[in-house]
Amino acid sequence: MVHWTAEEKQLISSVWAKVNVEECGAEALARLLIVYPWTQRFFDNFGNLSSPTAIVGNPKVRAHGKKVLTSFGEAIKNLENLKATYSKLSELHCDKLHVDPENFRLLGDILIIVLAAHFGKDFTPSCQATWQKLVGVVAHALAHKYH
Amino acid sequence: MLTAEDKKLVQQVWQKISGCQEDAGAETLERMFAAYPQTKTYFPHFDLHHGSDQIRGHGKKVVAALGNAVKNLDNLSQALSELSNLHAYNLRVDPPCFPLQLLAQCFQVVLAVHLGKDYTPEMHAAVDKFMSAVAAVLAEKYR
């Protein structure tokens, strides 16, 4: 069971309240596909991923980015119960999608960079520390049902 | 492998932070110690409080070394040779790939904080590759 202090919960919710889920989700996923191009293998049916410009403008990337970050929002609502919250998603990523859990860590780190670019100095070291913990815990929960 | 385009982008990023490199170094370290407390184990002799002179000084050193790497993108191995020896034989930081990944993440965050929208996905990718290349060179002498 992961323990969250009151301060950490506050840092998570205050940042989340200001996040545009559609924009940040789209940007995070696009950056994943650009910075770590091998991740494109999971998105064969997404159409044109031939360049950073194509990826950033790709409507399927945007839509899926929004989906992914919306799901992240569920995690934030269920901090005390992440493994259960992500149980089905974990099975899906293992059995159907065949995603190496290392990629969850990569996406988490990218999300942090996207937040940093949006919030600038407001994304303080404490903020970052809390969010690194959060993305780590989410990645762990997503990997939990792997077999 | 860094392409010509990657090298250009890395140099551009370096240009953009030329005014605040010192701050960038200290901030990177501070963020690393906050987010990844295990990295503090390499600095038991440092005052790790916010604003400490030692963090400032060391941050400056780290950024200067990275800056030197940026000036020698065609020959990272040679440029970082001394540092590679130092990390392998004296400092014996755990195989650099791991702690340096943590440092790299924090450095990227600092760049994003300072450059905001200007920190494009292309720059992000190029810097990520650059930091990986630096880590690989530093790991060369390990065994």
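Residues numbered from 1 in each chain as written. Chains lettered and ligands numbered in written order. Predicted model: local features only at pLDDT ≥ 70, side-chain atom pairs only at ≥ 80, totals over all residues. Heavy atoms only, no water.

Chemist: Help me understand the nonpolar core, please; the structure alone is not making it clear to me.
Modeler: The tendency in soluble globular proteins is for nonpolar side chains to be buried as a group. Phe 72, Leu 115, Phe 123, Trp 131 and Leu 134 of chain A together with Tyr 119 and Phe 130 of chain B are the most contacted members of the largest nonpolar core, which totals 95 residues. Excluding anything up to four places from it in sequence, Phe 130 of chain B contacts Leu 2, Val 10, Leu 66, Ala 69, Val 70, Leu 73 and Leu 76 of chain B. (Core = buried A, V, L, I, M, F, W, Y, C linked by side-chain atoms within 4.5 Å. Buried < 20%, exposed > 50% of the residue type's maximum accessible area, 1.4 Å probe, protein only. Contact = heavy atoms within 4.5 Å.)

Chemist: Quick question: what am I supposed to make of the interface of chain B and chain A here?
Modeler: Interface size is commonly expressed as the accessible surface area that is lost when the partners come together. Contact with chain B, which involves 21 residues of that partner, is made by 21 residues of chain A. A combined buried area of about 1800 Å² lies between chain B and chain A, and 60% of that area is made up of carbon and sulfur atoms. In this structure, the connection of chain B to chain A is made through 0 salt bridges. On the surface where chain B and chain A come into contact, there are 10 residue pairs in polar contact (both at pLDDT 80 or more). Only helix 2 (21-35), helix 6 (97-115) and helix 7 (121-139) of chain B provide two or more residues apiece to the side of chain B that touches chain A. When residues of the side of chain B that touches chain A are assigned to their parent elements, the largest contribution, 8 residues, is made by helix 6 of chain B. Across the side of chain B that touches chain A, the residue classes tally to 10 nonpolar, 7 polar and 4 charged. (Buried area = accessible area lost by both parts, 1.4 Å probe. Salt bridge = Lys/Arg side-chain N within 4 Å of Asp/Glu carboxyl O. Polar contact = N/O pair within 3.5 Å; in protein donor to acceptor, adjacent residues only side chain to side chain. Helix = DSSP H or I, 4+ residues; strand = E, 2+ residues; numbered from the N terminus. Nonpolar A, V, L, I, M, F, W, Y, C, P; charged D, E, K, R; others polar.)

Chemist: Would you explain the UniProt feature "domain: Globin" (unreviewed entry) in chain A in this entry?
Modeler: Within this structure's numbering, the places UniProt gives as "domain: Globin" (unreviewed entry) are residues 3-147 of chain A. Segment residues 3-147 of chain A splits into 71% helix and 0% strand. End C-alpha atoms: 26 Å apart. (UniProt positions renumbered as here; feature names shortened; annotations may be inferred.)

Chemist: Explain the side chain of Asn 103 of chain A here, please?
Modeler: Residues and elements named next belong to chain A. Structurally, Asn 103 is set in helix 7 (residues 102-119). Owing to a relative accessible area of 10%, Asn 103 belongs among the buried residues under this scheme. Filtering out sequence-adjacent residues up to four positions away, Asn 103 remains in contact with Trp 38, Thr 39 and Phe 42.

Chemist: Looking at this model, I keep getting lost on the confidence of the model for chain B. Mind explaining?
Modeler: Where the model shows low pLDDT, its predicted coordinates should not be examined in detail. All names here are of chain B. Of the residues in chain B, 98% reach a pLDDT of 70 or more, and the chain-wide mean stands at 91. Least confident of the elements in chain B is helix 5 (residues 81-91), whose mean pLDDT is 85; most confident is helix 1 (residues 4-16), at 96. The ipTM value of the predicted complex is 0.86, and its pTM value is 0.90. (pLDDT = per-residue confidence, 0-100.)

Chemist: Got a minute to help me understand the environment of Leu 82 of chain A in this structure?
Modeler: Residue and element names in this part refer to chain A. In this structure, Leu 82 sits in helix 5 (residues 82-85). The exposure class of Leu 82 is buried, given its relative accessible area of 6%. Residues Leu 82 and Val 99 lie 17 residues apart in sequence; the distance between their C-alpha atoms is 19 Å. Discounting chain neighbours no more than four positions away, the residues touching Leu 82 are Ala 75, Val 137, Val 138 and Ala 141.

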